[in-house]
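# Remarks on the overall topology
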Amino acid sequence: QAILESFIRDGKFQVAGESFACLILPETKIIPLETYRKIAAFVNAGGKLVVLGNLPSVGMSESETKEVIQISGTLRDSKNLKRIDRISGLAPAIAACIKPDVKIDKPCPELFYNHRTGNMADIYYLINLSDKPVAGAVTFRATGKAECWDPQTGEMNTPEGISQNNDNT
């Protein structure tokens, strides 16, 4: 439903105020034609599609199946499609499709982030979900002046130890 309610702009799905440059399609044999048409339009507009297993081959009716097969044939040849056979290939396939929004120099499952854009600014919310301090190098897919906002005090300052340069760090 989210795919059907989305619109495509600049090679990205736009839905519910969010923007998605890469879609992961789990292996499915049957797909509604309208949904598949929208996925094909996304890929044709430059969106990246990662498919786990085979592309769909059956529509919701006999008449839809012919077009589903045609769309699969077209998508199969697209440079914007990456097909993988195993779930272990998912992370490398995504990394080959899009540049990460945030990179952390070491595994840090307790660090949550969210990225919002608006008014010509990129806002990254980084939240430590543990009760212990976290340290490491974080790289953002944006350039510009970095500020650290403390949600408890409202203070804004430059984060300690930050290297601000044009290579997105």
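Whatever comes next refers back to the structure up there.
Residues numbered from 1 in each chain as written. Predicted model: local features only at pLDDT ≥ 70, side-chain atom pairs only at ≥ 80, totals over all residues. Heavy atoms only, no water.

### A closer look at the sheet that holds strand β6 (residues 81-84)
Threshold: Whether two strands pair comes down to DSSP finding at least two bridges between them. For helices the rule is a DSSP run of H or I covering at least 4 residues; for strands it is a run of E covering at least 2, with both sets numbered from the N terminus onward. Throughout, an axis means a line fitted to C-alpha atoms (over the contacting stretch in the case of helices), and angles, computed between N-to-C directions, take values from 0 to 180 degrees. Contact definition: two residues touch when any of their heavy atoms are within 4.5 Å.
The strand order across the open sheet built from 3 strands is β4-β5-β6, with neighbouring strands paired in parallel fashion. Of all the strands in the sheet, the pair left with one neighbour each is β4 (22-25) and β6. Averaged over all pairs of adjacent strands, the angle between their axes in this sheet comes to 15°, without regard to strand direction. Of the pairings in the sheet, the one linking β4 to strand β5 (residues 48-52) comprises 4 bridges and is parallel in character. Across the sheet, Cys-22 pairs through a bridge with Lys-48, a residue of β5. Sheet strands touched by helix α2 (residues 33-44): β4 and β5. Its angle to β4, the strand with the most contacts, is close to 140°.

### Re the environment of Leu-23
Within the fold, Leu-23 resides in strand β4. Note: C-alpha distance between Leu-23 and Tyr-36 (13 residues apart in sequence) is 12 Å. The residues touching Leu-23, leaving out its near neighbours within four places in the chain, are Ile-3, Phe-13, Ile-39, Phe-42, Lys-48, Leu-49 and Val-50.

In short, geometric facts, not functional conclusions.
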